[in-house]
Amino acid sequence: MPLHVWPWVFKRFVRPGRPFGDDLQGGHAMASDKNHEGLVCQLISTPAGWLGLVAGLRGLREIQLYTASPLALEQIAARFPEAPEGWCEALVEARKQLLEYFAGTRRQFTLPLDWGAMSEFRRCVLQRLQLLPYAAVTTYGQLAREVGSPHGARAVGAAMAANPFVIVVPCHRVVGRGGRMVGYSGGGGVDSKKWLLNFEQEVAAAASLENFNNDAR
């Protein structure tokens, strides 16, 4: 199912007589006096649900998965009341790369993430998680050992629950002991986690089969 920007983007940001691409690439919502970081937000619809994106001068502040657009708007407004609907360079690039991910053509992200609002431990855990290959899985305990905290599985779980950059930092690839599907706070919870893992595994399997067939010719 293809991604598309929610229709209110066109109604709100495309001015008569001006091409949409010009607004998308260069248009910025006017920041309020309290919005010193230039934060703006957008929604995009994906096969996994609605993604709410917030970004500013220092990069992406949040990417979260929701089951419905009204919930996404409500949650963004509660956490970032100073962030109007708008576009900035980071949001344009995030939209592009997320489109590619759900089209099955992107496995890694190269987006500017704003890590400033989190503890050193959480940042260490999430940045380590970024190294986990596409469609692979790890456990909370293994990830804890990799960041030098062998008894810190629960702390790793807390870092996963507070991950501000879902999909881009793939907390859906972290499972419980024995492969149990536990602990996903985004979208529809564990069902969303299963969906994302199945999606990646299907894309990876299709690519492997295509490579095999090409080699056999």
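First, a word on what this report is: a plain description of the structure on this page. (Residues numbered from 1 in each chain as written. Predicted model: local features only at pLDDT ≥ 70, side-chain atom pairs only at ≥ 80, totals over all residues. Heavy atoms only, no water.)

1. Examining the overall build of the protein
For clarity, the threshold we go by: A run of DSSP states H or I qualifies as a helix once it reaches four residues; a run of E qualifies as a strand once it reaches two. Both are numbered from the N-terminal end. Between buried and exposed lies partly exposed: a residue is buried under 20% and exposed over 50% of the maximum accessible area for its type, with that area taken using a 1.4 Å probe on protein chains only. Using a 1.4 Å probe, accessible areas were evaluated by the Shrake-Rupley method; residue-level cover was limited to the displayed protein chains.
Broken down by element type, the protein carries 8 helices and 6 strands. Sorting the 217 residues of the protein into buried and exposed places 46% on the buried side. As displayed, the protein offers around 11,300 Å² of accessible surface, 53% of which is attributable to carbon and sulfur atoms.

2. Quick notes on helix 5 (residues 120–129)
The cut-off we apply is this: This arc corresponds to the set of directions leading from the helix axis out to the C-beta atoms. Should any heavy atoms of two residues lie within 4.5 Å, those residues are counted as being in contact.
Every buried residue of helix 5 is listed here: Arg122, Val125, Leu126 and Leu129. The buried residues of helix 5 occupy one face: seen down the axis, they fall within an arc of 90°. On its buried face, helix 5 is in contact with helix 6 (140–146), helix 7 (153–161) and strand 6 (174–175).

3. Description of the packing of aromatic side chains
Formally: Here is the rule: rings of Phe, Tyr and Trp (six-membered ring for Trp) pair when centre to centre is within 6.5 Å. Planes less than 30 degrees apart are stacked, more than 60 are edge-to-face, and the remainder are tilted.
This model, assessed by the stated rule, comprises 8 aromatic pairs. Where phenylalanine 102 meets tryptophan 195, the ring centres are 6.2 Å apart and the plane angle is 40°; that geometry is what we call tilted. Here the residue phenylalanine 102 occupies a position in helix 4 (residues 89–102), and tryptophan 195 occupies one in helix 8 (residues 190–216), the gap between them amounting to 93 residues. These aromatic residues form a ring-pair network of at least three members: Tyr101, Phe102, Phe109, Tyr134, Trp195 and Phe199.

4. Considerations on unusual backbone geometry
Here alanine 135, not a glycine, exhibits a phi torsion of approximately 70°, which is positive. Relative to the elements of secondary structure, alanine 135 occurs in the loop between helix 5 and strand 5 (138–139). One non-glycine residue, isoleucine 167, lies in positive phi territory at about 70°. Mapped onto the elements, isoleucine 167 comes out in the loop between helix 7 and strand 6.

5. Topic: the pattern of salt bridges
What counts here: Salt bridge, as used here: a side-chain nitrogen of Lys or Arg that lies within 4 Å of a carboxyl oxygen of Asp or Glu.
A complete count under the given rule lists 9 salt bridges for this structure. When the shortest N-O distance is used, the salt bridge between glutamate 37 and arginine 58 registers 3.4 Å. You can see glutamate 37 sitting in the loop between helix 2 (20–26) and strand 2 (40–46) and its partner arginine 58 sitting in the loop between strand 3 (49–56) and strand 4 (59–66), a full 21 residues away along the chain. Residue classification places glutamate 37 among the partly exposed positions, given a relative accessible area of 31%. Under the relative-accessibility criterion, arginine 58 is labelled exposed at 52%. In this structure, arginine 173 and glutamate 200 form a salt bridge, with 2.9 Å as the shortest nitrogen-oxygen distance. Note that arginine 173 is positioned in the loop between helix 7 and strand 6 and glutamate 200 in helix 8, a separation of 27 residues in sequence. Across the pair, glutamate 200 and arginine 173 agree in class, each one buried.

6. What about the nonpolar core?
Going by this rule: Remark: nonpolar core denotes a set of buried residues (Ala, Val, Leu, Ile, Met, Phe, Trp, Tyr, Cys) joined through side-chain atoms within 4.5 Å.
Grouped together as the largest cluster of nonpolar side chains are 48 residues, with contacts concentrated most on Leu51, Leu53, Leu60, Met160 and Ile167. Elements supplying a minimum of two residues to this core: strand 2, strand 3, strand 4, helix 4, helix 5, helix 6, helix 7 and helix 8. If you tally residues by element for this core, the top one is helix 4, at 7 residues. Setting aside residues up to four positions removed in sequence, leucine 60 forms contacts with Leu53, Val54, Ala55, Ala90, Leu91, Ala94, Leu111, Pro112, Leu113, Asp114 and Phe165. Cys41, Leu43, Trp50 and Val54 belong to the second-largest nonpolar core, a separate cluster that totals 10 residues.

7. Side note on the environment of alanine 155
In this fold, alanine 155 is placed in helix 7. What makes alanine 155 partly exposed here is its relative accessible area of 35%. Distance from alanine 155 to valine 125, taken between C-alpha atoms, is 9.5 Å for residues 30 residues apart in sequence.

8. Regarding the environment of proline 47
Along the chain, proline 47 falls in the loop between strand 2 and strand 3. Between the alpha carbons of proline 47 and alanine 103 there is a distance of 9.9 Å; along the sequence they are 56 residues apart.

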